[in-house]
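Chain residues, written in single-letter form:
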Amino acid sequence: MKKAFFLFCSLFFSLLVWSQSEQLAQNYMDRGEFEKAQIAYEELLKAQPGNFNFFQKTIECYQQLQQFSKAENAIQDRIDKYKQGNYLVELGYNYQLQKNTEKAKKYYEQALEKIKKVPNEVYLIANTFEKKALVDYALQAYQTGLSVQPNFNFNYQMAVLYGQKGDTENMVEMFLTESYKTPQNIVPIQFQLSRFIQEDSKEIFNETLKKALLIRIQKTQDIFWNEYLSWFYVQMKEYGKAFIQQKAIYKRNPESFSNIVNLAQLAIEEKDTETAKEIFNFILVNTKDLDLQIKCNEYLMELKISKAAPQEYPAILQELNTLLKQFGESPYTLSLLKLKAHFITFNLKDAEKGKAILKNVLEMPINRDQTAEIKMELADMFLFEEKFNQALIYYSQIESDANNSPIGQEANLKIAKTSYYKGDFKWANHQLEVLKSASTQLIANDALDLFLLISDNTVEDSTQVALKKFSRADYLLFQDKKQDALAAFQAIIKENKEDAIEPVTLLRIGKIYETLGDIAAALANYKQIIDNFKECIYIDEALFFSAEIYFQLNDAVMAQPLYEDIITNHEDSIYYVLAQKKYRKLRGDKEI
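Because the structure is predicted, anything quoted here is derived from the model rather than measured. (Residues numbered from 1 in each chain as written. Predicted model: local features only at pLDDT ≥ 70, side-chain atom pairs only at ≥ 80, totals over all residues. Heavy atoms only, no water.)

Novice: Explain the side chain of H570 to me, using residue names and the numbers behind them.
Specialist: As for its position among the elements, H570 is in the loop between α31 (556-569) and α32 (576-587). Given a relative accessible area of 13%, H570 falls into the buried group. Contact partners of H570, with chain neighbours within four places excluded, come to I539, D540, L543, D565 and Y576. (Helix = DSSP H or I, 4+ residues; strand = E, 2+ residues; numbered from the N terminus. Buried < 20%, exposed > 50% of the residue type's maximum accessible area, 1.4 Å probe, protein only. Contact = heavy atoms within 4.5 Å.)

Novice: Can you explain the nonpolar core? Please cite residues and give values.
Specialist: In a soluble, globular protein the nonpolar side chains are often hidden away together inside. Y420 and Y563 are the most contacted members of the largest nonpolar core, which totals 103 residues. Residues within four places of Y563 in sequence aside, it is in contact with F544, A547, E548, F551, A579, K582, Y583 and L586. Counting 87 residues, the second largest nonpolar core, distinct from the first, contains I75, F152, A159 and F224. (Core = buried A, V, L, I, M, F, W, Y, C linked by side-chain atoms within 4.5 Å.)

Novice: Requested: an account of the pattern of salt bridges, with residues and values cited.
Specialist: Side-chain pairs of opposite charge can arise where the charged atoms are in close proximity. Evaluated as defined, the whole model comprises 30 salt bridges. Of the charged contacts in the structure, one is a salt bridge between D380 and K414, with a shortest N-O distance of 2.9 Å. With D380 in helix α21 (residues 368-384) and K414 in helix α23 (residues 406-422), this residue pair connects regions lying 34 residues apart in the sequence. Between D480 and K482 there is a salt bridge, with the nearest N and O atoms lying 2.6 Å from each other. A relative accessible area of 27% places K482 in the partly exposed class. (Salt bridge = Lys/Arg side-chain N within 4 Å of Asp/Glu carboxyl O.)

Novice: Outline the layout of surface pockets, listing residues and values.
Specialist: What the second largest pocket holds in volume is close to 260 Å³. Along the walls of the second largest pocket sit N53, Q56, K57, I59, E60, Q63, Q64, E90, Y93, L97, K131 and K132, which together make up its complete lining. Residue assignment for the lining of the second largest pocket shows that the elements contributing at least two residues are α3 (52-64) and α5 (86-97). By residue number, the principal contributor to the lining of the second largest pocket is α3, which donates seven residues. By residue class, the composition of the lining of the second largest pocket is three nonpolar, four polar and five charged. (1 Å grid on protein atoms, 1.4 Å probe; cavity = no way out; pocket = protein on both sides within 12 Å on 5 of 7 lines; lining within 4 Å. Points joined across faces, edges and corners; volume = space filled by probe spheres on them. Nonpolar A, V, L, I, M, F, W, Y, C, P; charged D, E, K, R; others polar.)

Novice: So what's going on with the packing of aromatic side chains? Which residues, and what values?
Specialist: Taken as a whole, this structure holds 42 aromatic pairs when the rule is applied. Ring plane angle 50 degrees and centroid distance 5.3 Å describe the contact between F152 and F154, whose orientation is recorded as tilted. Taken individually, F152 and F154 each receive the classification buried, so the pair is uniform in this respect. Note on Y420 and Y421: the rings are 5.6 Å apart at their centroids and 45 degrees apart in plane angle, and the pair reads as tilted. The pair formed by Y420 and Y421 is uniform in burial state, with each residue classed as buried. In this structure an aromatic cluster arises from ring pairing among F346, F384, F388, Y420, Y421, F425, Y475 and F478. Against the face of F545 rests K511, its NZ or CZ located 4.2 Å from the ring centre. (Phe/Tyr/Trp six-rings, centres within 6.5 Å; stacked < 30°, edge-to-face > 60°. Lys NZ or Arg CZ within 6 Å of the ring centre and 35° of its normal.)

Novice: Quick one: what's the story with helix α27 (residues 482-495), residue by residue and with numbers?
Specialist: In this model α27 runs 20 Å from its N-terminal to its C-terminal C-alpha over 14 residues, within 8% of the 20 Å that 1.5 Å per residue would give. Looking at α27, one finds that the buried residues are A485, L486, F489, I492 and I493. Taken down its axis, α27 places every buried residue within 120 degrees of arc, on the same side. Turned more than 90 degrees away from the buried face of α27, the exposed residues are Q483 and K494. On its buried side, α27 packs onto α26 (465-478) and α28 (502-516). (Expected span 1.5 Å × (residues − 1). Arc of directions from axis to C-beta.)

Novice: So, unusual backbone geometry: which residues are in play, and what are the values?
Specialist: The residue K83 is not glycine, and still its phi comes out positive at about 55 degrees. Inspection of the secondary structure assignment puts K83 in the loop between α4 (68-82) and α5. Even without glycine at this site, K237 takes up a positive phi of about 60 degrees. Of note, K237 is situated in the loop between α13 (223-235) and α14 (239-252). Under the relative-accessibility criterion, K237 is labelled partly exposed at 38%.

Have a look at this one:
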């Protein structure tokens, strides 16, 4: 037993020393200390002569130190010993580094000939060419392999290589062929394609991909390609065109609406409300599924409420009542009951009626998650009424019951916000400190934004006078009292000129003016941030919101430099990718 223990300890110690030696050798390589790296890797290779990684690193050290003869001898020894074609590539590359292209070509061609004799070596040889950035030779290796063994499948590997060459037509052809032949590979293929879609500054790749998909649809009439084209349009955020493809799929295969519903939800997230409404109405006409009918009606009512003027509220309430009469009041219509309660509270300003609806729902046989959802809405209603303690009780119940689940974290964020609205900034930041690393990115971002707001305006003003006024104005926004909130924020600007709180206050005022439709006033407030607070954390938002307004107005002259500022100076902005896309369109890059 003791011998076994000592043997185990000895092996463990040897592995530890070996691992540390390898790490040390790599550190020398990373720092460009090739003489030291050479010695270290030679020792490792002596201990493990068959380790290909150690061999390659040793050869690389020789080559970095221009010890080409030494590298050639070591590679030749490997060729003699293992008879593998990838070492011929290594030998050819050693000559290429010496600018002896004739000898390099000789060994590369020998490697290709080796594939004809031993087809299975194609993988090693092609991979070695690729690692040396010898893309054309790597393609030749795969083509040679296919000429000998037509059953080989290198579509994916060759597509990647064509992409590296900038040969988008062949890359697209290979990727689409592989997608159809091996559907299980479609996810990594579409990931590769989406990278090119996002990075294509002149829209050439996007046009190539679209054309290839349309040709396949016309030739085969296979709904596989309709799905693919729908995916492409989603990447382009052209949800109306994606819906045309989904309708074509449904007509030939009317089994499920799941993809169509997902598309509608994406359209809502991207504020393409017209397409979303078109999709939901299409589903309502074609489905007999009650759950889906309820869901679609809920989405349509939410969209209608979001755009409604106060004079339209009575008609909306009537529509909600009609829907609940049609589908009945039960756990199945929970979403409609919740929507009606929210509308009555936040739009019609009657929290008592809203709460009464939800308290009745809590008497129904609903599950734990549904209970948490209704309690969250009830807590929001208490908060709307300024009954902070009662709101906190409900939020705390949810947080306790749901623990670290997304809804539990959302409740925790609302506890922090309630404390913030009350002016209890110390307790709010205590909660936010934990939530900054929440598993849900949206909650983490919201928590960080509020944490920074409180922290930044506590350092400069220890009495937090301005912050208390700001939190009150934010609370008025929560109550949807836009005019009152606007007046409160404007008072902060007058009383706290050039304070840390000024840029975020200007941002809030700008957004309120946007929702009220006063675009000129919104732009004026964003411009104050852009002109006077270039180093503040809200500058990218001011730039992006301004650019978006001008973009909607088709004013490319004003929008383009604002997007460009984000691209050039704010690479860490969450608006960076979208700014790039809009900037390219405004610059006049070719459209699909």
